[in-house]
Amino acid sequence: MKNLAPAIFPPKGIGDAKPGNKAVLDWVHEIATLTQPENIFWCDGSERENEFLIGESLKQNVLIELNQKKVPRSYLHRSNPNDVARVEQFTFVCTPTKQEAGPTNNWSDPTETYAKLRGLLAGAMRGRTMFVIPYMMGPADSPLTKVGFEITDSKYVVLSLRTMTRMGEIALRRLGDDRNAEWNRGVHSLLDVNPERRFICHFPQDNTIISVGSGYGGNVLLSKKCLALRIGSYLACKQGWMAEHMLILGVESPEGRKHYVAAAFPSACGKTNFAMLIPPAHFKGWKVTTVGDDIAWMRIRDGRLYAVNPENGYFGVVPGTSYKSNPNAMRSIAHDTIYTNVALTDDGDAWWEGKDGEPPAHAIDWRGNDWTPQSKEKAAHPNSRFTTPMRNNPALDPDVEKGEGVPISAIIFGGRRSDTVPLVYQAFDWNHGVYLGATMASETTAAATGAVGRVRRDPMAMLPFCGYNIGDYFQHWLDIGKRLTNPPLIFNVNWFRKGADGKFLWSGFGENMRVLKWIIDRCEGSGGALKSPVGWLPSPHDLDLAELDIDHNAVDELLGLDHEEWQKEIAAHKEFFDSLGGVVPEELQKQCEQLAAGFDL
């Protein structure tokens, strides 16, 4: 899988957007000296540059052009079959001491790791072009906005970052020429895409990320999980804000009252669906808008939490996406989209399992092989992706570029649980809500390598993304609560509970509006609830279930608490806390005891 294509020589006026900041220039010179590229391409983020790079990518089979009548300005990219998901086992946090990385991260000594990576990068870009990408995370005028530079030898990374970030001149202007300004250093090289030489390493104290040996987006778009969450969470703790793996949505009533909600779900648990929710016909006049589908940066202002979406696009899971499950996502990816590891139909369209209509009689699968509906393998990889600009979303919130952010009324935690956890319940207070987040769990999906379907504790959906000691992260949440005079209410949801027949009890998708409506009612002080050992539970009468085809017994099961199951759940909470080796704050241990006492355990 070596890239032996000739290096790019851009036309005059493209690929020469050099920054005026000498610290950046010195760093680029250092990396170029190490990697020895054939030439350097300074990305400016312009439309002309984009067209040029797409043309080069088509020539070199980095991209395959799709049917431009069916999906205008859209392309297919195939990653190496050994390189299709985030690789948590090869993802490292490199801090001076192992304690700073904490028990949930793979730790590596910074000095040793730098030496190893320098060895891998030595001469790695010979015969290739080194792209230097200036980018900005966050709205142009936000105090939370961060500037990063990614050096890469992958055109796919350049084209994807143009979609996912505010890239080019805008980032150079934000950084300015102050040598001491804060900015993130990111280095990526494909090397030979060998899993044995694949490392994604974060150096929080240096604000640096180095990724080698992978071409998959989650490992190489260094703006995303790497900066926005792993480095971002470390900076947030130091600087007194929050970097969270959360969607942000707006919900507006027919009377014009508007609330914003942030929600943390592990990958492939319905984040994008919820962020782009379309209310069912019964909720005529209600509007749901998307601020972000994956990441929320939040700060305290006037005693409240305000959130911005630092990203500029969506990097979502494709399988299961359809006009039935997520019409706004389908409209968003109908043009100007890069698809990764989906199938290619004979008429040049993208196809995946769960797409509307009948499967094609024949297609080329994500590996490049012939496929028919009788094939044993799936046509699209379960973790195949779309990369599309947020501007494509017809439900984009009008305040998405608001630098001060949007005020958060509620925080929702949720995972994929087939039993035990009710459809929705509310925490008693902020600290109890932190406990809900700290103990949330989900049945694993294809978004990360490893076994699928086992229950994994995933605190705040941040287990793979917290860039420092998880105990300090929990304490940071508790400390934020002390500074809030008007904190968001905190809830837990579970769309995925199943009945004895193995089928989902809840309709999900747009019908999740019924749960969201109760959450908003609680924020406004008008929704009813019953006190239970786990929190405030709605009764069936508190949820607006009108015109929903659902059995009363299913509703009772969705909202019910099985004491035997919860006995096992609380034991699992204790086991998880114990597994962290004494870093869990005393307040959360106390919350666990109170939960057990509620069940008389």
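Residues numbered from 1 in each chain as written. Predicted model: local features only at pLDDT ≥ 70, side-chain atom pairs only at ≥ 80, totals over all residues. Heavy atoms only, no water.

1. Comments concerning the confidence of the model for the protein
Parts of the prediction with low pLDDT should not have their coordinates interpreted in detail. Overall, the predicted model of the protein reaches an average pLDDT of 95, with 97% of residues at or above 70. Predicted confidence is poor over residues 1-5, with pLDDT under 50, and the contacts of this stretch with residues over four places away or in other chains come to ten contacts. (pLDDT = per-residue confidence, 0-100. Contact = heavy atoms within 4.5 Å.)

2. Observations concerning the packing of aromatic side chains
Tallied over the entire structure, the rule returns 23 aromatic pairs. With a centroid separation of 6.1 Å and an interplanar angle of 65°, the aromatic rings of Phe496 and Phe504 are classed as edge-to-face. With a relative accessible area of 13%, Phe496 lands in the buried category. Of the residues examined, Phe504 reaches a relative accessible area of 45% and is grouped as partly exposed. Taken together, the ring pairs in this structure connect Trp27, Phe149 and Trp183 into an aromatic cluster. The ring centre of Tyr306 lies 4.1 Å from the NZ or CZ of Arg301, which sits over that ring. In this structure, Lys531 is placed above the aromatic ring of Phe428, and the distance from its NZ or CZ to the ring centre is 5.4 Å. (Phe/Tyr/Trp six-rings, centres within 6.5 Å; stacked < 30°, edge-to-face > 60°. Buried < 20%, exposed > 50% of the residue type's maximum accessible area, 1.4 Å probe, protein only. Lys NZ or Arg CZ within 6 Å of the ring centre and 35° of its normal.)

3. Considerations on the pattern of salt bridges
Applying the stated rule across the entire model yields 33 salt bridges. For the salt bridge of Lys224 with Glu311, the shortest nitrogen-to-oxygen distance reads 2.9 Å. You can see Lys224 sitting in helix H8 (residues 223-239) and its partner Glu311 sitting in the loop between strand E17 (304-308) and strand E18 (313-317), a full 87 residues away along the chain. As far as burial versus exposure is concerned, Lys224 and Glu311 are alike and both buried. The closest approach of N and O atoms between Lys355 and Asp349, which form a salt bridge, is 3.5 Å. (Salt bridge = Lys/Arg side-chain N within 4 Å of Asp/Glu carboxyl O. Helix = DSSP H or I, 4+ residues; strand = E, 2+ residues; numbered from the N terminus.)

4. Re unusual backbone geometry
For Asn61, which is not glycine, the phi dihedral falls at a positive 60°. Inspection of the secondary structure puts Asn61 in the loop between helix H2 (47-59) and strand E2 (64-65). With relative accessibility at 65%, the residue Asn61 sits in the exposed group. The phi torsion at Asn341 lies on the positive side, around 65°, for a residue other than glycine. Summarising the element assignment, Asn341 is placed in the loop between strand E19 (338-340) and strand E20 (343-345).

5. Some details on the sheet that holds strand E3 (residues 75-77)
In space, the five strands of this open sheet follow the order E2-E3-E19-E24-E18, with mixed pairing throughout. With partners counted over all chains shown, the strands left at the sheet margins are E2 and E18, one partner each. Here E2 runs beside E3; their pairing, made up of two bridges, is antiparallel. Along E3, the bridge assignment pairs Ile64 with Leu76. (Pairing = 2+ DSSP bridges.)

6. Looking at the nonpolar core
Core analysis: the largest hydrophobic core is formed by 115 residues, its most contacted members being Leu305, Tyr339, Ile408, Phe413 and Trp477. Per-element tally for this core: the top contributor is H8, with eight residues. Phe274, Phe496, Leu516 and Leu548 belong to the second-largest nonpolar core, a separate cluster that totals 37 residues. (Core = buried A, V, L, I, M, F, W, Y, C linked by side-chain atoms within 4.5 Å.)

7. As for the sheet that holds strand E22 (residues 363-364)
Across the sheet, which stays open at both edges, the four strands sit in the order E21-E20-E22-E23 with antiparallel pairing between neighbours. Taken across any chain shown, the strands that pair with only one partner, and hence form the sheet edges, are strand E21 (350-351) and strand E23 (370-371). When E22 meets E23, the two strands line up antiparallel, connected through two bridges. Bridging across to E23, Ile364 finds its partner in Asp370.

8. Considering a negative patch on the surface
On the surface, Asp501, Asp551, Asp556 and Glu557 cluster together into a patch of negative charge. Along the polypeptide, Glu557 turns up in helix H14 (residues 552-559). (Patch = residues over 30% accessible without salt bridge, like charges linked within 9 Å, V, L, I, M, F, W, Y side chains within 5 Å. Areas by Shrake-Rupley, 256 points an atom, 1.4 Å probe, with all protein chains shown as cover. Lys, Arg positive; Asp, Glu negative; His and termini not counted. Charge placed at Lys NZ, Arg CZ, Asp CG, Glu CD.)

9. Description of helix H5 (residues 155-164)
One full turn of an α-helix is made of 3.6 residues, so residues set three or four places apart face in the same direction. Burial analysis of H5 places nine of its ten residues in the buried class, the great majority of the element. Buried within H5 we find Lys155, Tyr156, Val157, Val158, Leu159, Ser160, Leu161, Thr163 and Met164. For H5, the side-chain oxygen to backbone nitrogen distance between the N-cap and Tyr156 is 3.3 Å, and the N-cap itself is Ser154. (Polar contact = N/O pair within 3.5 Å; in protein donor to acceptor, adjacent residues only side chain to side chain.)

10. Structural notes on the environment of Thr97
Residue placement: Thr97 occurs in the loop between strand E4 (91-93) and helix H3 (98-101). In this structure Thr97 comes out as partly exposed when scored by relative accessible area, which is 37%. Sequence spacing of Thr97 and Ser108 is eleven residues, and the spatial spacing of their C-alpha atoms is 8.8 Å. Within polar-contact distance, the side chain of Thr97 engages the side chain of Glu100 at 2.7 Å.

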